[in-house]
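What follows is each chain in one-letter form.
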Amino acid sequence: IAGITQAPTSQILAAGRRMTLRCTQDMRHNAMYWYRQDLGLGLRLIHYSNTAGTTGKGEVPDGYSVSRANTDDFPLTLASAVPSQTSVYFCASSPGLAGGGYNEQFFGPGTRLTVL
Amino acid sequence: DAKTTQPPSMDCAEGRAANLPCNHSTISGNEYVYWYRQIHSQGPQYIIHGLKNNETNEMASLIITEDRKSSTLILPHATLRDTAVYYCIVTRRDAGNMLTFGGGTRLMVKP
């Protein structure tokens, strides 16, 4: 079934540890995104990638890094986790401008991260 | 991106039409109206978008006023599974780097 997969589903992490959240899509979408959603709040964009090999900063990029080595994968890394990074993380993808638009985004199931 | 205003919550009877309003009085000529929804603990789901003409797909209809300052998302026959937070977002179609999800409308479909 085509779509977006995220791993892990959930994780409890000690503060100061390094963590990589994985995201893979099989729709050959050009653009990919990482959002965080804190309890009871809306989504905020962390980083994005309009095409393989390029990345950009979103609204809340500090403490996070991303890479886009190929079309399908867009990992998000927390170099040294802090408790304020406790959140639900959603990965998304969209066809991009050539494919019909950036804003028709398809979201993954999310990763629930707790940093203690 | 233009600011949007939505009621915080609405109720709808199962099987009836759910009409969710959105005000976007500062919308620019090249900005589209997008609707997403988020069912509890799931990722947001794209529903529909439009520029100035009314749009319909298998999920919903989008009615945009002639002056484009407001719109209504219509779920023609709401089911319990349509209970979710619905987000109205106004943005350019070529500027997809950031979708701004505001508070949305929490729709409760009741039996």
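To start, this report covers the structure provided alongside it. (Residues numbered from 1 in each chain as written. Chains lettered and ligands numbered in written order. Predicted model: local features only at pLDDT ≥ 70, side-chain atom pairs only at ≥ 80, totals over all residues. Heavy atoms only, no water.)

1. A look at the pairing of strand S1 (residues 4-7) of chain A
Looking down a regular strand, the side chains alternate between one sheet face and the other. All names here are of chain A. By the alternation rule, side chains of S1 split into Ile 4 and Gln 6, which are all buried, and Thr 5 and Ala 7, of which none is buried. The pairing of S1 with strand S3 (residues 19-25) spans four bridges and is classified as antiparallel. Paired with Thr 5 across the strands is Thr 24, a residue of S3. (Buried < 20%, exposed > 50% of the residue type's maximum accessible area, 1.4 Å probe, protein only. Helix = DSSP H or I, 4+ residues; strand = E, 2+ residues; numbered from the N terminus. Pairing = 2+ DSSP bridges.)

2. Description of the packing of aromatic side chains
The final tally for this structure, using the stated rule, is ten aromatic pairs over all chains. Look at B:Tyr32 and B:Tyr34: their rings are 6.4 Å apart centre to centre, the planes differ by 45°, and that puts the pair in the tilted class. Among the residues examined, B:Tyr34 registers a relative accessible area of 0% and is labelled buried. Between B:Tyr36 and B:Phe101, the aromatic rings sit 5.7 Å apart at their centres with planes inclined by 70°, giving edge-to-face as the arrangement. Of the two residues, B:Tyr36 sits in strand S3 (residues 31-38) while B:Phe101 sits in the loop between strand S8 (84-92) and strand S9 (105-110), which places them 65 residues apart along the sequence. Each member of the pair, B:Tyr36 as well as B:Phe101, carries the same accessibility label: buried. In textbook terms, an aromatic cluster arises when at least three aromatic residues are bridged by ring pairs, as seen for A:Tyr33, A:Tyr35, A:Phe107, B:Tyr36, B:Tyr46, B:Tyr87 and B:Phe101. (Phe/Tyr/Trp six-rings, centres within 6.5 Å; stacked < 30°, edge-to-face > 60°.)

3. Structural notes on the sheet that holds S1(A)
The pairing of strands in a sheet happens through backbone hydrogen bonds and is either parallel or antiparallel. All names here are of chain A. With respect to topology, four strands assemble into an open sheet ordered S1-S3-S8-S7, the strand pairing being antiparallel. The open sheet has two edge strands with one neighbour each: S1 and strand S7 (64-66). Here the strands of the sheet are splayed against their neighbours by 20° on average, with no regard to which way each runs. In the sheet, S3 pairs with strand S8 (residues 76-78) via three bridges, with the strands oriented antiparallel. Its bridge partner being in S8, Met 19 is matched across the sheet by Leu 78. (Axes fitted to C-alpha atoms, helices over the stretch in contact; angles between N-to-C directions.)

4. Points about the pattern of salt bridges
As enumerated under the stated definition, the model contains five salt bridges over all chains in all. In this structure, A:Arg36 and A:Asp38 form a salt bridge, with 2.8 Å as the shortest nitrogen-oxygen distance. You can call A:Arg36 buried: its relative accessible area is 8%. For the salt bridge of B:Asp11 with B:Lys110, the shortest nitrogen-to-oxygen distance reads 3.0 Å. Taken together, the residues B:Asp11 in strand S1 (residues 9-13) and B:Lys110 in strand S9 connect sequence positions 99 residues apart. Here B:Lys110 falls in the partly exposed class, since its relative accessible area comes to 40%. Taken together, the shared-partner salt bridges in this structure form one network comprising A:Arg36, A:Asp38 and A:Arg44. (Salt bridge = Lys/Arg side-chain N within 4 Å of Asp/Glu carboxyl O.)

5. Structural notes on the environment of A:Leu39
Residues and elements named next belong to chain A. As for its position among the elements, Leu 39 is in the loop between strand S4 (31-37) and strand S5 (43-49). By relative accessible area, which is 86% here, Leu 39 ends up exposed. C-alpha separation for the pair Leu 39 and Val 88, spaced 49 residues apart in sequence, amounts to 8.1 Å.

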